Amino acid sequence: MFQRSCYQDLTYYEFSDLKEFPLRHAVFTRFGGVSKGPYSSLNLSFEVGDDPQAVYENRYRIKQALGVSRLVSAKQVHGKRYFLCSSPLKKDIEIEGCDLILTDQQGVGVLIKQADCQAFMLYDERQHSLALGHAGWRGLVAGILEEAVELMQRCFGSKVEDLWAAVFPSLGPCCAEFRGYKELFPPSFWPFQIKPNYFDLWSLSVHKLRAKGLNPARILTSGLCNKCHREFYSYRREKVTGRFGSVAVLC
Ligand SMILES: [Zn+2]
């Protein structure tokens, strides 16, 4: 179940199915930060025109909520380049041109920023390691989900049967309209069209993860569309807006 919780002024969601593991994760709403105007209020991106001091404060607040002192994030570019964080961090880092972050380090908060695109997490309960990725339609076409599973296998020796997957809030089938999809999507995506030009990208992701061998019972989807739910930012709804964060940390 995808549950709503609070920490001080922050509101976030988490999958209750993962609570038994030494792992904390949260999808933060836009509430509880200090950004103003169209970025109000918990914008986590330095790249959308917001006051950087406000973003630093907002990032401090999510670190407090998760009990972490360091964050690793990325300047996301809708590709599938990855960064492996394999040693403790002395400070927060933001990796250039990257959409997938893997780690086996405890206490490092991995942040993916969103405003319509999917974020997803893979967690290996046996090897105690994780991957967090940013999967917009370009990333899905590029095969970032499949890449993430293969990287977990290569970097950490993960077995697919030990993996959990979570697909966080993003454009739902209600709002994922892609006119001219035949130019954008390969034919393998077309069965996920649910009415003219509208696609169920959540089901597509589940399908892709199952095809890589993940246990369907361990693939979690939030079922929350960020464009319909105004507690999240949506680029399609607002154009000038902030980015909400999906964060995970190994304990
Ligand atoms: Zn929607």
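Attention in this report is confined to the structure presented alongside it. This structure is a prediction, so every number in the text was calculated from the model and none was measured.

## A few points about the coordination of the zinc ion
And step 1. Bound to the zinc ion on the protein side are Cys 174 (SG), Cys 175 (SG), Cys 225 (SG) and Cys 228 (SG), at distances that span 2.2 to 2.3 Å.
And step 2. Each donor residue of the zinc ion belongs to the same chain, with the gaps between them written as C-C-x49-C-x2-C. Of this pair, Cys 174 sits in the loop between β11 (163–167) and α4 (181–184) while Cys 225 is found in the loop between β14 (219–221) and α6 (235–238), placing the two residues 51 residues apart along the sequence.

## Digging into the pattern of salt bridges
And step 1. Going through the model one piece at a time under the given rule, you end up with 16 salt bridges.
And step 2. Ionic pairing is found between Glu 47 and Lys 113, a salt bridge with its closest N-O pair at 3.3 Å. On the criterion of sequence distance, the pair formed by Glu 47 in the loop between β3 (23–28) and α1 (52–66) and Lys 113 in strand β8 (residues 108–114) is long-range, its members being 66 residues apart.
And step 3. With relative accessibility at 41%, the residue Glu 47 sits in the partly exposed group.
And step 4. A salt bridge links Lys 212 to Glu 150; the nearest nitrogen and oxygen atoms lie 2.6 Å apart. With a gap of 62 residues between them, Lys 212 in the loop between α5 (201–211) and β14 and Glu 150 in helix α3 (residues 144–156) connect regions that are remote in the sequence.
And step 5. Its relative accessible area of 26% is what places Lys 212 among the partly exposed residues.

## A look at the packing of aromatic side chains
And step 1. In the structure shown here, the tally under the stated rule is 17 aromatic pairs.
And step 2. Between the aromatic rings of Tyr 13 and Phe 232, the centroid separation amounts to 5.8 Å while the plane-to-plane angle is 35°, which identifies the pairing as tilted. Placement of the pair is Tyr 13 in strand β2 (residues 10–15) and Phe 232 in the loop between β14 and α6, with a sequence separation of 219 residues.
And step 3. For Phe 232, a relative accessible area of 0% gives the class buried.
And step 4. Taking the centre distance of 5.9 Å and the plane angle of 65° together, the rings of Trp 137 and Phe 185 count as edge-to-face. Of this pair, Trp 137 sits in helix α2 (residues 137–142) while Phe 185 sits in the loop between α4 and β12 (193–195); the two residues are 48 residues apart in sequence, bridging distant segments of the chain.
And step 5. Taking relative accessible area as the criterion, Trp 137 reaches 21% and is therefore assigned partly exposed.
And step 6. An aromatic cluster is built from Trp 137, Phe 178, Tyr 181, Phe 185, Phe 189, Trp 190 and Phe 199, whose rings are joined through pairwise contacts.
And step 7. In this arrangement the basic side chain of Lys 182 is found over the ring face of Trp 190, its NZ or CZ atom lying 5.3 Å from the centre.
And step 8. For the cation-ring pair, Arg 236 lies above Phe 178, with the distance from its terminal atom to the ring centre recorded as 4.8 Å.

## Observations regarding α5
And step 1. Of the positions making up α5, those classed as buried are Leu 201, Trp 202, Leu 204, Ser 205, Lys 208 and Leu 209. Down the axis of α5, the buried set is contained in an arc of 160°. They therefore lie on one face.
And step 2. Sitting at the head of α5, Asp 200 places a side-chain oxygen 3.2 Å from the backbone nitrogen of Trp 202.
And step 3. Once α5 finishes, Gly 213 follows within two positions and takes phi at roughly 105°, a positive value.

## Quick notes on the pairing of β2
And step 1. Counting buried positions over the 6 residues of β2 gives 6, a clear majority of the element.
And step 2. With burial as the criterion, each face of β2 is covered, one bearing Leu 10, Tyr 12 and Glu 14 and the other bearing Thr 11, Tyr 13 and Phe 15.
And step 3. Connecting strand β1 (residues 2–7) to the antiparallel partner β2 that follows it, the hairpin turn spans 2 residues, and Gln 8 within it adopts a positive phi of roughly 50°.
And step 4. Pairing of β2 with β3, which is carried by 2 bridges, proceeds in the antiparallel orientation. Residue pairing across strands places Tyr 12 opposite Phe 28, the latter belonging to β3.

Here is what the cut-offs are and how they apply
Residues numbered from 1 in each chain as written. Predicted model: local features only at pLDDT ≥ 70, side-chain atom pairs only at ≥ 80, totals over all residues. Heavy atoms only, no water. Donors = N, O, S within 2.8 Å, 3.2 Å for Na, K, Ca; no water. Helix = DSSP H or I, 4+ residues; strand = E, 2+ residues; numbered from the N terminus. Salt bridge = Lys/Arg side-chain N within 4 Å of Asp/Glu carboxyl O. Buried < 20%, exposed > 50% of the residue type's maximum accessible area, 1.4 Å probe, protein only. Phe/Tyr/Trp six-rings, centres within 6.5 Å; stacked < 30°, edge-to-face > 60°. Lys NZ or Arg CZ within 6 Å of the ring centre and 35° of its normal. Arc of directions from axis to C-beta. Polar contact = N/O pair within 3.5 Å; in protein donor to acceptor, adjacent residues only side chain to side chain. Pairing = 2+ DSSP bridges.

The analysis is restricted to geometry; functional conclusions fall outside its scope.
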